[in-house]
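Survey of secondary and tertiary structure
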Amino acid sequence: MDVREKSARAFEEKFGKKPTMQAYAPGRVNIIGEHTDYNGGFVLPCAIKYGTSMSAAKNGTGKFRILACDINNDYDEFEISENIEKNPDKLWVNYLRGMTQFIERKFKGKVEGLDVAITGDIPLGAGLSSSASLEVTFGHLVSSAFGLGIPLQEIALMGQASEAYIGMKCGIMDQTISACGTAGHALCIDCESLKLTQVPLPEGLVVMVINSNVKHQLVGSEYNDRRESCEKAAKILNVKLLRHATMDMLKEHQSELDDVSFRRARHVITEDQRVLDAIDAMKSGDLKTISKLMYASHCSMRDDFEITIPEIDGLVEIIREALGEGRGAVRMTGGGFGGSVVALVRPCDVEKVKQAVSAKYPAIAGRDATIFETPACDGAQFKTF
């Protein structure tokens, strides 16, 4: 059953009435450009065919009453306010509590109560931005329900603020692609200016996502530690953000940096250039160059940023070997410490990748990987019934 239909049915069962509106926003896979977003740099994600659906109706109260179907039908309700306390026991709803308070602070008194049923089909812990999809869907729902007209990019920024509200100082990429994706295109996001450029994916390439089934959780010290290292390096290089640093600058100040901060900065500086080079290669359909850039990105994440794990590294090497040199592109995708890899392959090689992963990955990981293919999809949507 489609997640949209599923959320509508769940709404009716929970609240005893039919929903009057529905919002949807996709997850994402990042093709290249990892941990560059909070450094003001460039990223190149696309929206995927999996996402979050919310069916809703006004309830005539000052409360949101929310059912999370995929979390054992967990339920929460809270008052609409400019200052909302986090729920100490339910992480999922804190994303929505954060979004609500930011919307209410801007549109004082214009938001009323909603009953909401949530379903989604983004694999949790796969590094495909289930939380950003949740935030954007909810923000677009509330904006549309009450005629607030919040631009999608602003909803994305509120989603980013909601992550900070729960203790995750993330960049803007995930929420922006969930909100602003376009079918058939990756989205180049300039994370400093927030300029968006749609980049057509080369014709004849399939986007494959291979979930290692090692769940990642970014709310924790690893992510914030890396962000602090980047901020430290930027300060020593005397730039506002590493986006403005060059390798020459980094080498000039190497003696002032500890080894970890040096390598973190090197990853960000080289990764930004790889994104720009990948866009040029995509425009010319140069799969061989895309392959080199994506593998260089993976090696940089492995060696300089240190966010891969053996299972992910193993998956990348299995797929590279199956494809052959320059015949397809593969790298880890997402924040790291588990999750998924992304591959761009020709249709004739899809089955070859699947067979290689099925045959070799369990020996590395003690588990199977989950593989799916996806087109690049549209971003946030809303409709009334």
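This section reports on the structure supplied with the text. Because the structure is a prediction, the values reported are computed rather than measured.

1. Side note on the nonpolar core
Soluble globular proteins tend to pack their nonpolar side chains together in the buried interior. Counting residues in hydrophobic clusters, the biggest one holds 49 residues, and the most contacted among them are F64, I66, L114 and V142. Looking at this core element by element, the count peaks at seven residues for helix α2 (residues 91–106). Those residues in contact with L114, other than ones at most four positions away along the chain, are M21, A57, K58, N59, K63, F64, R65, L141, V142, A145 and F146. One finds C170, Y223, F305 and A365 within the second-largest nonpolar core, a separate group that totals 46 residues.

2. Focus on helix α3 (residues 130–145)
Taking 1.5 Å as the rise per residue, α3 with 16 residues should run 22 Å; its terminal C-alpha atoms sit 22 Å apart, in good agreement. Counting buried positions along α3 gives 14 out of 16 residues, so the element sits mostly inside the fold. Downstream of α3 by a residue or two, G147 has a phi angle that is positive, lying close to 60°.

3. Here we look at the packing of α3 against helix α4 (residues 152–165)
Running from amino to carboxyl end, α3 crosses α4 at an angle of 125°, the nearest separation of the two axes being 9 Å. In terms of orientation, α3 lies oblique with respect to α4. Of the two possible hands of crossing, α3 and α4 adopt the one that is right-handed. For the pair α3 and α4, the contacting residues are S131, A132, E135, V136, G139, H140 and S143 in the first and L152, I155, G159 and E163 in the second. Tallied by class, the residues present in the contact of α3 with α4 amount to four nonpolar, five polar and two charged.

4. Topic: helix α8 (residues 259–283)
Every α-helix winds through 3.6 residues per turn, so residues three or four apart in the chain are directed the same way. Along its 25 residues, α8 runs 36 Å from first to last C-alpha, staying within 8% of the 36 Å computed at 1.5 Å per residue. The backbone nitrogen of V260 lies 3.1 Å from a side-chain oxygen of the residue at the head of α8, namely D258. One or two residues past the end of α8 sits G285, with phi positive at roughly 65°.

5. Overview of the pattern of salt bridges
Using the criterion set out here, one finds 31 salt bridges in the structure. D190 is the partner of R243 in a salt bridge, and the nearest nitrogen-oxygen pair spans 2.8 Å. Residue R243 is located in the loop between α6 (221–236) and α7 (247–252), and its partner D190 is located in strand β6 (residues 185–190); the two are separated by 53 residues in the primary sequence. Note on R243: relative accessible area 21%, which makes it partly exposed. Overall, the relative accessible area of 11% leaves D190 in the buried class. Residues E321 and K360 are paired through a salt bridge, measuring 3.5 Å at the closest nitrogen-oxygen approach. Pair noted here: E321 is in helix α10 (residues 310–323) and K360 is in helix α11 (residues 350–365), with a separation of 39 residues, a long-range link. The exposure class assigned to E321 is exposed, which follows from its relative accessible area of 58%. The network of salt bridges with shared partners includes E34, E271, R274 and R331.

Here is what the cut-offs are and how they apply
Residues numbered from 1 in each chain as written. Predicted model: local features only at pLDDT ≥ 70, side-chain atom pairs only at ≥ 80, totals over all residues. Heavy atoms only, no water. Core = buried A, V, L, I, M, F, W, Y, C linked by side-chain atoms within 4.5 Å. Buried < 20%, exposed > 50% of the residue type's maximum accessible area, 1.4 Å probe, protein only. Helix = DSSP H or I, 4+ residues; strand = E, 2+ residues; numbered from the N terminus. Contact = heavy atoms within 4.5 Å. Expected span 1.5 Å × (residues − 1). Axes fitted to C-alpha atoms, helices over the stretch in contact; angles between N-to-C directions. Parallel < 35°, antiparallel > 145°, perpendicular 65-115°, else oblique. Left-handed = near helix turned anticlockwise from the far one by under 90°. Nonpolar A, V, L, I, M, F, W, Y, C, P; charged D, E, K, R; others polar. Polar contact = N/O pair within 3.5 Å; in protein donor to acceptor, adjacent residues only side chain to side chain. Salt bridge = Lys/Arg side-chain N within 4 Å of Asp/Glu carboxyl O.

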